[in-house]
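Overview (structure and organization)
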Amino acid sequence: MPLRNWIMLIVLGTIWGGAFLFAKVAVAEIPPFVLVFLRVSSACAVLLLVLHHQRLLSNLTLKLAGPFLVMGFLNNAVPFSLLFLGQTVIGAGLASILNATTPIFTVIVAGLLTRQEALHANRIAGVLLGVAGVAIMLSSSLSGVASDPVWAQLSCLGAAISYACAATYARRFRFLPPQVAATGQLLGSSLLMLPIALLSMGNWSISDPSLTAWANVLSLGILATAIAYLIYFQLLAEAGATNASLVTLIVPASALFFGWLLLGENLSTLQLAGFAALLVGLVVLDGRILQRKGPRPA
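These notes cover the structure that comes with them.

Reading guide: rules and limits
- Residues numbered from 1 in each chain as written.
- Predicted model: local features only at pLDDT ≥ 70, side-chain atom pairs only at ≥ 80, totals over all residues.
- Heavy atoms only, no water.
- Axes fitted to C-alpha atoms, helices over the stretch in contact; angles between N-to-C directions.
- Helix = DSSP H or I, 4+ residues; strand = E, 2+ residues; numbered from the N terminus.
- Parallel < 35°, antiparallel > 145°, perpendicular 65-115°, else oblique.
- Left-handed = near helix turned anticlockwise from the far one by under 90°.
- Nonpolar A, V, L, I, M, F, W, Y, C, P; charged D, E, K, R; others polar.
- Phe/Tyr/Trp six-rings, centres within 6.5 Å; stacked < 30°, edge-to-face > 60°.
- Buried < 20%, exposed > 50% of the residue type's maximum accessible area, 1.4 Å probe, protein only.
- Expected span 1.5 Å × (residues − 1).
- Bend = angle between axes of the 7 residues up to and from the residue.
- Contact = heavy atoms within 4.5 Å.
- Patch = residues over 30% accessible without salt bridge, like charges linked within 9 Å, V, L, I, M, F, W, Y side chains within 5 Å.
- Areas by Shrake-Rupley, 256 points an atom, 1.4 Å probe, with all protein chains shown as cover.
- Salt bridge = Lys/Arg side-chain N within 4 Å of Asp/Glu carboxyl O.
- Core = buried A, V, L, I, M, F, W, Y, C linked by side-chain atoms within 4.5 Å.

Once that is clear, we can look at the packing of helix α1 (residues 3–26) against helix α9 (residues 211–244). Relative orientation and spacing of two packed helices are given, respectively, by the angle between their axes and the distance between those axes. Contact pair α1 / α9: the axes reach a minimum separation of 8 Å and the direction vectors enclose 150°. The orientation of α1 with respect to α9, classified from their angle, is roughly antiparallel. Relative to α9, α1 is oriented so that their crossing is left-handed. Grouping the constituent residues of the contact of α1 with α9 by class yields 24 nonpolar, six polar and two charged.

Rendered as structure tokens:
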């Protein structure tokens with residue numbers, strides 16, 4: 001990739017890593033389901049303006065309402081809800097590591113369950129290493145070495161599984177411009193989360209959160225969702241899906257750094273060992289490091 005694409009990749013990984021930090025701060029003052037609605041609705045508003053500027057609003061047709069609702073459910077409503085619920089009790093860094101298992105589950109869903117992709121040796125090895133990494137991370141809590149609740153970690157893994165199902169389902173949107181598909185799913189998830197947010201509010205009021213919490217909400221919706229999607233789509237167009245997938249390796253590293261620097265979060269030795277196994281699994285799953293370069297052409 002040229003330098004421009006590397007810069008876009010690093011910026012995107014930093015933004016998405018920061019999203020876990022934004023969520024950790026905001027969910028301390030805002031109910032999780034309300035926070036999900038605020039994130040998807042604010043991002044949807046920004047992307048609708050983008051589509052209007054690009055004259056692409058006509059692509060949001062009624063015949064796509066059902067698929068957009070399904071995609072919004074799988075790619076936004078469910079994973080955001082599970083991640084925010086988990087982050088009520090676990091740190092941003094650990095949540096990001098568990099979420100980094102998404103490519104592992106995507107291979108399982110697309111390769112084993114739906115038979116959409118072939119399972120090569122490196123993919124099988126990557127999945128096994130990734131599963132081993134998750135097992136190591138969970139074992140630290142199960143053995144009492146770490147205090148992070150297992151249910152919260154499983155909640156974050158559930159988000160990764162939902163993302164994997166969404167990635168498989170998203171193939172039906174290949175005929176659409178990617179920014180249209182993103183806006184459609186955010187519109188669908190906003191409609192799904194509105195009644196859930198209203199029912200889960202309880203005695204909470206919009207005047208309760210601090211300015212810091214609201215700043216993190218806007219950062220989640222506008223920066224980490226709307227703007228991040230636009231950067232991701234541009235990166236996809238310029239560098240391809242394989243190169244864009246490298247962001248998976250950057251996100252947990254940046255989230256860990258921000259969590260340590262700003263929130264004072266740390267991982268146990270077993271959790272770090274599990275993270276290392278997961279990273280190796282992702283690199284093996286990617287496969288490029290295992291490929292031998294042929295002779296250079298004259």
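What follows is about the packing of aromatic side chains. In the structure shown here, the tally under the stated rule is eight aromatic pairs. Where Tyr169 meets Phe173, the ring centres are 6.1 Å apart and the plane angle is 65°; that geometry is what we call edge-to-face. Like Phe173, Tyr169 is buried. With a centroid separation of 5.7 Å and an interplanar angle of 10°, the aromatic rings of Tyr229 and Phe233 are classed as stacked.

This next bit is on α9. The end-to-end C-alpha separation of α9 is 34 Å, well short of the 50 Å expected for 34 residues at 1.5 Å each. Maximum bend of α9: about 100°, positioned at Glu238.

Another aspect to go through is the environment of Ala135. Considering the arrangement of structural elements, one finds Ala135 in helix α6 (residues 121–142). A sequence separation of 135 residues divides Ala135 from Leu270, and the C-alpha atoms of the two residues are 10.0 Å apart.

This part takes up the side chain of Thr102. Here Thr102 lies in helix α5 (residues 102–113). Beyond its immediate chain neighbours, meaning those up to four positions away, Thr102 contacts Ala160, Tyr163 and Ala164.

Once that is clear, we can look at a nonpolar patch on the surface. Among the surface-exposed residues, Met1, Leu3, Trp6, Ile7 and Val11 lie close enough to one another that they form a single nonpolar patch of about 460 Å² accessible area. Inspection of the secondary structure puts Met1 in the segment before α1. Given the relative accessible area of 31%, Met1 is considered partly exposed.

What follows covers the nonpolar core. Within the largest apolar cluster, 70 residues are counted, with the highest numbers of intra-cluster contacts made by Leu35 and Phe84. Sorting elements by how many residues they give to this core places α9 first, with eleven residues. Leu35 has contacts with Ala23, Ala26, Val27, Ile30, Phe84, Val217 and Leu220, leaving out every residue within four places of it along the chain. Grouped together as the second largest cluster of nonpolar side chains are twelve residues, Leu56, Leu64, Leu176 and Val180 included.

The subject of this paragraph is helix α10 (residues 247–263). The first and last C-alpha atoms of α10 sit 23 Å apart over 17 residues, in line with the 24 Å expected at 1.5 Å per residue. Burial in α10 covers these residues: Val247, Thr248, Val251, Pro252, Ser254, Ala255, Leu256, Phe258 and Gly259.

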